[in-house]
Amino acid sequence: MSNARTAILDRLRAARPAPLPVLPEWSVTIPPAERLNRFSERLEASHAEVVTSTSGHWPSLLAERLKARGNTQGSANGSSVHYPPGTHHGRCLADAWTDKPELRLVAYDQPVEVLKDTLVHRVDAAVTATRGGIAETGTLILWPSAEEPRLMSLLPPLHVALVEAKEIYGTLTEAMMVQNWSAGLPTNALLISGPSKTADIEQTLAYGVHGPKELLVIVLDP
Amino acid sequence: MIPIPEKPDTFYFFGTCLIDLFYPEAGLAGMELLRRQGIRVVFPSGQSCCGQPARNCGFAEEARAVARQQVQSFPKPWPIVVPSGSCAGMMREHYPELFAGEADEAEARAFAGRVYELTWFLVHVCKIALSDRGEPVRVTFHGSCHSQREMGVREEPRALLRDLANVTFVDLQRPAECCGFGGTFSVRLPAVSGAMVADKVADIAATGAAEVLSGDCGCLLNISGAMAKSGTPGRARHIAEFLMERCYGK
Amino acid sequence: MGSNLATSAATAPDFAARASIALADDGLRRKFRRAMDGLMTKRAAQFPDPEAWTSLRARGAAIRRRSLARLPQLLEQLETRCRANGIQVHWAETSADADRIIQGILTDHGVRTLIKGKSMVSEEIHLNDFLAEHSISAVESDLGEFVIQLAHETPSHIIMPCIHKSKEDVATLFRDHIPNQAYTDDVDALTATARRVLREQFAGADAGLSGVNFAIAETGTLCLVENEGNGRLSTTLPPLHVAVMGLEKVVERLEDVPPLLSLLTRSATGQAITTYVNFISSPRKEGEQDGPREVHLVLLDNGRTRIFGDPQLQETLACIRCGACMNHCPVYTRVGGHAYDAVYPGPIGKILTPQIDGLATAGDLPHASSLCGACGEVCPVAIPIPNLLVRLRGEAAHQNSASTVMGAGARHSSVEDWVWRGWRLMHQVPLFYRVATRVLTRIGNAMPASLPMLNAWTSVRTKPRFARRPLNELVRSRGFDHE
């Protein structure tokens, strides 16, 4: 295959090089004062639900939401919720939900090969943190990690994402610059802008085709 | 965006081959309209065709030979007004690339920079004021693809029609959509072209307009032929003819 | 019904014949018209400000041209960075090579079932059929691709592959192919069925395959854009991920992605952004609980280096596959995707297919356009598609041993040469032109409508009526200066 590599690169190098165009200026700015509103509006327009809470209160708000919603994966009693036990917000949740046996917190702390059946079929919701949001498009930034694996935000029917209000950036470009993405990306950086959807059948929107059918965004302020 | 020149004392008129063969009244009306704006109109007798048919079929050499004849026939630095957005687009947009690397490239580029579409020229350069003397009538307008996309002519003909007191202008549902002419496209792929012009005719009919006007004779040949064949009532003609008749009684 | 006609259209010998068959299918025409109208409206709503569109487009166009200008260097950089990240890189000169490379990787890992995210390059190399011959089952997981796989068809649009199917068609396919599935044409119910069926496929798949929207040389990252989440599942759940991309998809830097992404999703489906944008930079790392153990990237040439060799045609490679050109194409809207009998239909297909497959087989495609320019106008990276169509028409019509275009001269016709020579003479010599226009205006109307060309014209139009005298004659009598 190195022959193919050499042949391809040789053919490309043999071409007369085109002039290197200058990149024209381009930027989009969203004033800080407008960001939270824009972020929420855009997400809601994409069929997500956005609620505002505080770092102390959000676990009980979430508990009420989940109780009202009931379980969706057909387990006999209560809801099964993926959470990251090793993180700050995971511990907040565990501490706040000690008196809520109907909400079972399930850690995603083993390889997917071991947990596959539970992940694919038996979890009602997952709670993850974010690395902030993007106002322009109503987008969550996720950098999944060992504590918060990639599939948490994908397999359960409901994804609950926590966003710090102060981490809502104007644009993706701005987020990339401020967070210095090019210095090192994780295995899988993600932008999420709503629940999973499709319009493949007669351009009719349908949600939850593969990933979450619902996305609940909790903005923490402060 | 094409820069707007000063109103000249004299300008050239490029009649186009389709006008020569099928719509000479449209050419005369365009020239007359301009003459009445107090400008001297010169019609070089060496002119023929912009070269677009050959260029579009991939016969660049033949197109260039004919284009060169046009460049040489319009030697003075006067503006060149064309009663067709398609021919104007060919000359303004495509002559520079057609002559790239040729000895007369600079001349062709200068020529291209002097080319203007008729309705655009009437609106922006002549700042024409129209006074309508005609009976009340309902009309619509079809802008050619190249007038819109190569010459940037979109609002100008509509503005002229809206200026006429007794004319009710109704726009098409799909004003930007091709009528299916496309030169040799219409005979290479008659079924596709036919489907396109049938839709255009239906769009025109839906406006209830007594006349469909256009700034391009290729589209007019196509649309009027399809209207006649399908028995669709209404008349199709060049906007210059219509404006002349409305404002100066021909 | 509609789809049967559309499928049979794909077997007709040339575009004109296939288009005629497609045009006769009213249902098909209605589906495409409705879908294209919706897409055009949504796109227009995304670009309300012409200045913002112009500056974003200029940026995107320049990014793609810069990437192409440095293509060999960027591919080497991409390879180096990917390897450093643990992504294995493979180079394929042809479709067949790419098929063999992918099959080799899968066979080495004992893969029996491959779950696929949407990938047009995998269509280009006809991967599913090749893998089937090697006892590897490839399952499409994008809903539209899943539907057409059930129907044994090919995509009719690069973004919305089953646009030619009604919900009733889908309901019937599901009932006939999915065990215990009752007929329902409720889109939510159909979607839920697809979720249930495909979840099992995801859980059981030995490997996942995806395309790539942008590959970032600076960081060795693969960027994937999608709404459904099947792309994420294909690249996360199975233990092995194979990504396949045309080698032109590389960009220099991470900061090139936001403008291109914005242009892509807004142009394609009228979305400010898709639900998911996935940046994959490595396989699963030590301590991580999910993600594939291995990621392989296959770089496909398949004619792209040849296209790259021509400075004008190279613009073809700037494409970001948004599909806006087909959404706005009056020809595509009428005939649908299958009439092109090509992996990439519509305007981009009309310039790409003849360059990949050669003008001998696809030389009629550059003529499947009225050159209306709608494609070039909406192209988010400003590819001058109409000019490239004209260029390819010329390449097909002229025998030229120096041409780098495959099949140059394949459509050469001496008759056509003579027609244009005659045309040139008539329009180059003023005397000939004046005589010709005088003769035509006097006797042209006597031409029988049965003449070749004229009969094509009169199939839907009346015969054009020549004027009594040409303008060049009339100007003299009307007192205009003629010099």
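One structure accompanies this document, and this report is about it. Per chain, residues are indexed from 1 in the order of the written sequence. Chain letters start at A and ligand numbers start at 1, both assigned in the order the entries are written. A pLDDT threshold of at least 70 governs which residues receive local features in this predicted model, and a stricter bar of 80 or more applies before side-chain atom pairs are shown or counted, although totals over entire chains, interfaces and linings include all residues. With hydrogens and water stripped out, all remaining heavy atoms of the structure feed into the side-chain values.

**Comments concerning the side chain of D124 of chain A**
Helix numbering and strand numbering both begin at the N terminus, where a helix is a DSSP run of H or I of at least 4 residues and a strand a DSSP run of E of at least 2. Relative to the assigned elements, D124 of chain A resides in the loop between α5 (112-122) and β4 (125-129). When a residue's accessible area, from a 1.4 Å probe over protein chains only, is under 20% of the maximum for its type it is buried; when over 50% it is exposed; and in between it is partly exposed. Residues scored as positive are Lys and Arg, those scored as negative are Asp and Glu, and His as well as the terminal groups of each chain are ignored. Here, a salt bridge means any side-chain nitrogen of Lys or Arg that lies within 4 Å of a carboxyl oxygen of Asp or Glu. Buried charge without a salt bridge: D124 of chain A, with R104 of chain A as the nearest opposite-charge side chain at an N-O distance of 5.4 Å.

**Observations regarding helix α11 (residues 190-207) of chain B**
The span expected for a helix works out to 1.5 Å for each residue beyond the first. Along its 18 residues, α11 of chain B runs 26 Å from first to last C-alpha, staying within 8% of the 26 Å computed at 1.5 Å per residue. Turning to α11 of chain B, its buried residues number three or more, namely V192, S193, G194, A195, M196, V197, K200, V201, D203, I204 and T207 of chain B.

**Quick word on the arrangement of the chains**
Taking contact number as the criterion, the leading pair out of two pairs of chains in contact is chains A and C. Chain B makes no contact with chain A, the minimum C-alpha separation between the two being 17 Å. We call two residues in contact whenever any of their non-hydrogen atoms come within 4.5 Å of each other.

**Here's the deal with unusual backbone geometry**
Cis rather than trans, the peptide bond between D221 of chain A and P222 of chain A has omega equal to 0°. Relative to the helices and strands, P222 of chain A resides in the segment after β12 (214-220). Backbone geometry places T16 of chain B, a non-glycine residue, at a positive phi of 75°. Of note, T16 of chain B is situated in the loop between β1 (10-13) and α1 (17-21). Located in the positive-phi region is M453 of chain C, a residue other than glycine, with phi close to 75°.

**Considerations on the interface of chain B and chain C**
The interface of chain B with chain C comprises 73 residues on the first partner and 66 residues on the second. The largest per-residue losses of area from chain B upon contact with chain C belong to L21, L28 and F59 of chain B, which jointly make up 11% of the total buried on that side. Summed over the shared surface of chain B and chain C, the number is 11 salt bridges. A salt bridge links E416 of chain C to R188 of chain B; its shortest N-O distance comes to 3.1 Å. Two N or O atoms count as a polar contact when they lie within 3.5 Å, although within protein this holds only if one can serve as hydrogen donor and the other as acceptor, and sequence-adjacent residues are included solely when both atoms are side-chain atoms. Counting the contacts that link chain B with chain C gives 26 residue pairs in polar contact (both at pLDDT 80 or more). For the side of chain B that touches chain C, the element with the most residues is α11 of chain B, which contributes nine residues. Each residue gets one of three labels, nonpolar for Ala, Val, Leu, Ile, Met, Phe, Trp, Tyr, Cys and Pro, charged for Asp, Glu, Lys and Arg, and polar for the others, Gly among them. In terms of residue class, the side of chain B that touches chain C is made up of 36 nonpolar, 21 polar and 16 charged. Defined in terms of a 1.4 Å probe, buried area is the accessible area two parts forfeit on being brought together, summed over both.

**Notes on the state of the cysteines**
What counts as a disulfide here is a pair of cysteine sulfur atoms lying within 2.5 Å. Across all of its chains, the model carries zero disulfides over all chains by this definition. Distance from the sulfur of C178 of chain B, which forms no disulfide, to the nearest cysteine sulfur (C145 of chain B) is 3.8 Å. Among the cysteines around C82 of chain C, which has no disulfide bond, C223 of chain C carries the closest sulfur, lying 13 Å off. Relative accessible area serves as the criterion here: at 0%, C82 of chain C is assigned to the buried category.

**Some points on the interface of chain C and chain A**
Listed as interface residues are 93 residues of chain C and, on the opposing side, 74 residues of chain A. Interface area, chain C with chain A, both sides summed: about 7300 Å², of which 60% is carbon and sulfur. Among the residues of chain C in contact with chain A, W91, R232 and Q289 of chain C are the three that bury the most area, contributing 10% of the side total. Applying the counting criterion to the chain C and chain A interface returns eight salt bridges. On inspection of chain C and its partner chain A, the count reaches 45 residue pairs in polar contact (both at pLDDT 80 or more). For the side of chain C that touches chain A, the leading source of residues is helix α11 (residues 187-204) of chain C, giving 10 residues. Residues that form the side of chain C that touches chain A fall into these classes: 41 nonpolar, 24 polar and 28 charged. Here strand β9 (residues 188-192) of chain A runs beside strand β9 (residues 276-280) of chain C; their pairing, made up of five bridges, is antiparallel. Within β9 of chain C, the residue paired with I192 of chain A across the bridge is Y276 of chain C. Should DSSP find at least two bridges between two strands, the strands are taken to pair.

**Side note on helix α2 (residues 24-35) of chain B**
Residues and elements named next belong to chain B. For α2, which comprises 12 residues, the first-to-last C-alpha distance of 16 Å matches the rise-based estimate of 16 Å (1.5 Å per residue) to within 8%. Most of α2 is tucked away: 10 of the 12 residues are buried. By the burial criterion, the buried members of α2 are P24, A26, G27, L28, A29, G30, M31, E32, L33 and L34.

**Digging into the pattern of salt bridges**
A full pass over the atoms with the stated rule returns 59 salt bridges over all chains. Salt-bridge contacts for K118 of chain C lead to E145 of chain C; the nearest nitrogen and oxygen are separated by 3.0 Å. Highlighted residues: K118 of chain C in the loop between β2 (113-116) and α7 (120-124) and E145 of chain C in helix α9 (residues 143-150), separated in sequence by 27 residues. For K118 of chain C, a relative accessible area of 24% translates into the label partly exposed. With a shortest N-O distance of 2.8 Å, R304 of chain C and E248 of chain C are connected by a salt bridge. Placement of the pair is R304 of chain C in helix α14 (residues 304-308) and E248 of chain C in the loop between β7 (240-246) and β8 (250-251), with a sequence separation of 56 residues. By the burial criterion, R304 of chain C is buried, and E248 of chain C matches it. Linked through salt bridges whose partners overlap, the residues forming this network are R5, D10 and R13 of chain A together with E76, E79 and R83 of chain C.

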